[in-house]
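Analysis of the macromolecular model
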Amino acid sequence: MTIRTLVGASLVLALTGAASAETTITVATVNNGDMIRMQRLMPDFYAQHPDIKVNWVTLEENVLRQRVTTDIASKGGQYDVLTIGNYEVPIWAKQGWLLALDNLGADYKQADLLPQVAAALTVDSKLYAVPFYAESSMLMYRTDLLEKAGLKMPENPDWDFITTAAAKMTDKAAGVYGICLRGKAGWGENMAFITTMNNTMGGSWFDMQWKPQFDGAEWKKTLSTYLDLMGKYGPPGASSNGFNENLALFQTGKCGMWIDATVAASFISDPKESKVADKVGFAPTPTRAGGSNHGNWLWSWNLGIPASTKKADAARTFVAWATSPAYLKLVAEKEGIANVPPGTRTSLYENPEYLKVAPFAKMTLTAIQSANTAHPSDKPVPYTGGQFVAIPEFQAIGTAVGQQFSAALAGKATVDQALAAAQTLTAREMTRAGYPK
């Protein structure tokens, strides 16, 4: 820490260190439960670092992505810490937009980070962001409704079973819908789910020549199944629902099944937040009948420091605190160990106390470890990713396609119309970027 000593009328800098007195940093973050919880726990940070103040800018997911992308690309310097995904980190690091985070202190225990998660944030052997939490995807379901339907969840469910179960669980008169899925447009919203669903169907975004594949049988099967499920057994207004909206629906007992991020498990299992906490089961993300690709994604929300910041030391101090083993311990003490941010550290999944109270722990770890981002499709593809295609152009293209599919969910386009539009716009943008061979 910087110590200032008053000698006469002069202020002499005695020791250089993490942050200067009265430094205010601005942190851009997403409006999900774990990040809101962190804001409640800030008194711990201030007690340790009274010379650093944090100005929070908390935004909805799509808005956050748009604003931080614009700011960092233009070197605007509006934020000192960014909440970004493992999609952005390697792309931005190669552009020189992020500071390396390879020295966060001896107590940080960097080697404890889950290898799959750390690897996605590493460029040239250096971390360029650190995970606050990480996730894959899985099926969450109401055990009581499944039993009432006379069904038993298979060890490896497929989409045929999901369709049958959704039909039998739906009771619209009682406000209960067999399935809830993302419908809100966005490359990280509805397209995160629909892209992985297409992977389970044997499809891909592009062939080896970077030609879009929306005119193929797999995408038609994917979108048809998705719209059929949501149209018959999903909640009204689903084209506006993202992660947070579906979380609220599930917690209030309105969803029979929900396929989404593993991080949701602690929120729907917490009796303080969920009316159905004691009636929740977990299973792998469904695949097609006879298939083996569960399409589970790999995502992490991470804290990174833009190269444009003028407050790097204070930002680094905050980032180290927010993603440290000590922070996990703090959450366990204040909120209960089941609510510790998941998916980042090996030690958490070796902790018997956590395993005892978190029935979703083993499923979460298995999903993260089995996410095959190097080969997301059963077909040969020229890209990596899982729920995204790891190229800079995907952010814009994915959102544009997501808008077409969200419109189809709202009844404004047919399956064929949405796919044709997706094919045309993707081919146009990829040609502009010089991809097709």
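The preceding data block contains the structure.
The rules we used
- Each residue is numbered by its place in its chain's sequence as written, counting from 1.
- Owing to the predicted nature of the model, reporting of local features is limited to residues with pLDDT of at least 70; listing and counting of side-chain atom pairs is limited to 80 or more, with chain, interface and lining totals taken over all residues.
- The basis for the side-chain values is all heavy atoms of the structure; hydrogens and waters are excluded.
- By definition, any uninterrupted DSSP run of H or I lasting at least four residues is a helix, any uninterrupted run of E lasting at least two residues is a strand, and each is numbered from the N terminus.
- Each residue is assigned to one of three classes by its accessible area relative to the maximum for its type, calculated with a 1.4 Å probe on protein chains only: buried under 20%, partly exposed between the two thresholds, exposed over 50%.
- Nitrogen and oxygen atoms within 3.5 Å of one another constitute a polar contact, given that in protein one can donate a hydrogen and the other can accept it, and given that sequence-neighbouring residues count only through two side-chain atoms.
- The criterion used for residue contact is that any of the two residues' heavy atoms lie within 4.5 Å.
- One bridge is not enough; two strands pair if DSSP finds at least two bridges between them.
- In what follows, a disulfide is any cysteine sulfur pair within 2.5 Å.
- It is the directions from the helix axis to the C-beta atoms whose arc is reported.

1. Here we look at the side chain of Ser-377
Within the secondary structure, Ser-377 is located in the loop between α15 (361-370) and α16 (394-409). Judged by relative accessible area, Ser-377 falls into the buried class, the value being 8%. At 2.8 Å, the side chain of Ser-377 forms a polar contact with the backbone oxygen of Gly-203. In this view, Ser-377 contacts Asn-199, Gly-202, Gly-203, Ser-204 and Asn-293; residues no more than four positions away in its chain are not counted.

2. Thoughts on the pairing of strand β8 (residues 130-135)
With six of six residues buried, β8 lies mostly within the body of the structure. Where β8 and strand β13 (residues 299-304) come together, five bridges link them in antiparallel fashion. Across the sheet, residue Tyr-133 finds its bridge partner in β13, namely Trp-301.

3. Focus on the state of the cysteines
In this structure the tally under the stated criterion is one disulfide. What pairs with Cys-180 in a disulfide is Cys-255, and their sulfur atoms sit 2.0 Å apart. One disulfide, between Cys-180 and Cys-255, carries an S-S torsion of -80 degrees and so falls in the left-handed class. With a gap of 75 residues between them, Cys-180 in strand β10 (residues 177-180) and Cys-255 in strand β11 (residues 255-261) connect regions that are remote in the sequence. Among the residues examined, Cys-180 registers a relative accessible area of 0% and is labelled buried. Overall, Cys-255 belongs to the buried group, its relative accessible area being 0%.

4. Section: helix α13 (residues 325-335)
Helical geometry: 3.6 residues make up each α-helical turn, so side chains three or four residues apart lie on a common side. Looking only at α13, the buried set comprises Tyr-327, Leu-328, Leu-330 and Val-331. Considered in projection along α13, the buried side chains sweep an arc of 155 degrees and stay on one side of the axis. Among the exposed residues of α13, those oriented more than 90 degrees off its buried face are Ala-326, Lys-329 and Glu-333. In this structure, the buried side of α13 is in contact with α1 (33-40), α2 (42-48), β8 and α12 (312-322).

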